[in-house]
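Okay, here's what each chain looks like letter by letter:
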Amino acid sequence: MTDILPYPTGNQHPRFFGWVMGNGTITGMLADMLASGMNPHLAGYDQSASLIEKQVIAWLAELMGFPPESGGLLVSGATMANINGLTVARNSEVSALTDFDVREHGLGHPDAPRLAVYGSDQIHSWVYKACETMGMGRQAYRSIATDADWRIDIDAARTRIQADIDAGLHPFCLIATVGTVNTGAIDDMTAMRELADEFGMWLHVDGAFGSMAALAPEAADLVAGQELADSIAFDLHKWGYMPFEAACVLVRDGTSQTDTYGSEASYLNGMTGGIAVGITDFADRGLQLSRGFRALKVWMSLKEQGSDCLGQVIQQNIDQAAYLEELVRQRPQLEVLSGATLNIVCLRYVVEGMNDDALDQLNRDILVAVQESGAAVPSQGIINGRFAIRVCISNHRTTRDDLVILLDAITQEGRSAVSRGGE
Ligand SMILES: Cc1ncc(COP(=O)(O)O)c(C=O)c1O
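### Points about the domain arrangement of the chain
1) Next: What the domain assignment lists for the chain is domain 1 (26–305) and domain 2 (308–421).
2) Next: Distance from the C-alpha centre of domain 1 to the C-alpha centre of domain 2: 32 Å.
3) Next: For the pair domain 1 and domain 2, the summed buried surface comes to about 2,000 Å²; carbon and sulfur atoms form 68% of the total.
4) Next: Area buried by domain 1 at its contact with domain 2 is led by Asn182, Trp239 and Tyr241, which between them contribute 33% of it.
5) Next: The tally of links from domain 1 across to domain 2 stands at zero salt bridges.
6) Next: One can count seven residue pairs in polar contact (both at pLDDT 80 or more) joining domain 1 with domain 2.
7) Next: For the side of domain 1 that touches domain 2, a count of residues per class yields 14 nonpolar, eight polar and two charged.

What follows is the structure, given as structure tokens:
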């Protein structure tokens, strides 16, 4: 094997800290292979693979504190899970879209309400894709300012919602982020629930990676309250360490999910015998009809590792992030731009007397050099307008020594870049 290098994007490596990626497990790999070998079709019906997906969804609902009767679906990633939740929110009676049938008429109809959805300015870019795809346009997303800890400003959200109502808009959903992509910030869930109730709105949680902290023995408190949501989206291929692709959307009132996605096609009707006994459960909960057996890797991972083991490794990553912050604070050449709330630390290399614009460029160069050296892969972020080297630890292979190697590499590349600049 001379032409194909190992670590295609690097995320299996213990010093991969970029974006938010999972690392994959041997069990997950085996499960994917078996799933492809068996190759069942997961539209629904009462067959063994469907029963496994139902079991997995029930386990995940329990772990997230959602009621057993919740609806849910495994999808490819948190983007798709979030879009599913937001579409259900739009169509549901909770958001009071009762006098307009959006499925029948669409948002282009002259009587269609002008919809608005609210979340913080730290929200992930999926929301813009969702607003565009759902025909609401990007302007439907009302980006609300955050406080010093990058949590949504509740009073600012209330003011904006009221102003929109006064202007004739129809606010239908609040989105809380549990673990923002930049800094790992967690919105105040109790306040978000109260605000949603105040205006009769749906509360959706984007917990792409952060929601999984519910499994961590000490950190679970940080995400407490996410179970108050009407729907929640989270990945299993990030902080569940499973191979791509696997994510879940849970909906407290399962019928609102089938009311959104259910369809009637005679050729899909259940039969009284044969292999199409039952209903097309999963096809009626989301966009996909043909679906693969991604439930198997979730089932096998939970069976083999168990939620306690997953929780311990998640806790380990959170503790490692706190340790990394401590290490950065001990090095005078480095500066913390955002500390560890969950598993993310943003930092930069600093040089006395150098202005912020020059530091931005220097840190961009350092990031590229560290990645290209092969020492480690952090990624980039903008924190309070400044370029940051962003370290996200969602990696079960990382040890504390790896964090020291990372900082050594950043410091060394920083020193080299400065000396090259001075030549
Ligand atoms: C907070 C948040 N939401 C949504 C997503 C999108 O998830 P996915 O890449 O699984 O679609 C991410 C990805 O990092 C994320 O961090």
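### Side note on the site of the ligand
1) Next: The full set close to the ligand counts 14 residues, and Ala78, Thr79, Asp206, Asp235 and Lys238 are the nearest of them.
2) Next: Within the contact set of the ligand, an oxygen atom lies 2.7 Å away from a side-chain nitrogen or oxygen of Thr79.
3) Next: His237 has a polar side-chain atom sitting 3.0 Å from an oxygen atom of the ligand.
4) Next: Partitioned by chemical class, the residues of the shell around the ligand number six nonpolar, five polar and three charged.

### With respect to the pattern of salt bridges
1) Next: Inspection of the entire model under this criterion finds 22 salt bridges.
2) Next: Salt-bridge contacts for Arg294 lead to Glu245; the nearest nitrogen and oxygen are separated by 3.8 Å. With a gap of 49 residues between them, Arg294 in the loop between helix H8 (254–261) and helix H9 (295–304) and Glu245 in the loop between strand E6 (231–235) and strand E7 (247–251) connect regions that are remote in the sequence.
3) Next: On the basis of relative accessible area, Glu245 is assigned to the partly exposed category, the value being 45%.
4) Next: The salt bridge partner of Arg329 is Glu325, with a shortest N-O separation of 2.7 Å. Residue Arg329 and its partner Glu325 are located together in helix H10 (residues 306–330), separated by four residues, close to a single helical turn.
5) Next: Taking the relative accessible area as the measure of exposure, Arg329 reaches 57% and is therefore exposed.
6) Next: Judged by its relative accessible area of 17%, Glu325 is buried.
7) Next: Salt bridges sharing common partners tie together Glu335, Arg348, Asp356, Asp357, Asp360 and Arg386.

### Quick word on the packing of helix H3 (residues 78–91) against H8
1) Next: Running from N to C, H3 and H8 point in directions that differ by 90 degrees, and their axes come no closer than 9 Å. Relative to H8, the element H3 is oriented roughly perpendicular. The segment H3 lies against H8, with Ile83, Asn84, Thr87, Val88 and Asn91 engaging Ser256, Gln257, Thr260 and Tyr261.
2) Next: Split by residue class, the contact of H3 with H8 holds three nonpolar, six polar and no charged.

### Here's the deal with the packing of aromatic side chains
1) Next: Following the criterion strictly, the structure yields three aromatic pairs and no others.
2) Next: Summarising the aromatic geometry, the rings of Tyr128 and Tyr141 are spaced 5.5 Å apart at their centres and angled 85 degrees between planes, so their arrangement reads as edge-to-face. Separated by 13 residues along the polypeptide, Tyr128 in helix H5 (residues 126–133) and Tyr141 in strand E3 (residues 141–144) bring together distant segments of the chain.
3) Next: Judged by relative accessible area, Tyr128 falls into the partly exposed class, the value being 24%.
4) Next: Its end group placed over the ring of Phe66, Arg252 keeps NZ or CZ at 5.0 Å from the ring centre.
5) Next: In this arrangement the basic side chain of Arg400 is found over the ring face of Tyr323, its NZ or CZ atom lying 4.3 Å from the centre.

So, how was this worked out
Residues numbered from 1 in each chain as written. Predicted model: local features only at pLDDT ≥ 70, side-chain atom pairs only at ≥ 80, totals over all residues. Heavy atoms only, no water. Domains from an automatic or database assignment. Buried area = accessible area lost by both parts, 1.4 Å probe. Salt bridge = Lys/Arg side-chain N within 4 Å of Asp/Glu carboxyl O. Polar contact = N/O pair within 3.5 Å; in protein donor to acceptor, adjacent residues only side chain to side chain. Nonpolar A, V, L, I, M, F, W, Y, C, P; charged D, E, K, R; others polar. Near = heavy atom within 4 Å. Helix = DSSP H or I, 4+ residues; strand = E, 2+ residues; numbered from the N terminus. Buried < 20%, exposed > 50% of the residue type's maximum accessible area, 1.4 Å probe, protein only. Axes fitted to C-alpha atoms, helices over the stretch in contact; angles between N-to-C directions. Parallel < 35°, antiparallel > 145°, perpendicular 65-115°, else oblique. Contact = heavy atoms within 4.5 Å. Phe/Tyr/Trp six-rings, centres within 6.5 Å; stacked < 30°, edge-to-face > 60°. Lys NZ or Arg CZ within 6 Å of the ring centre and 35° of its normal.

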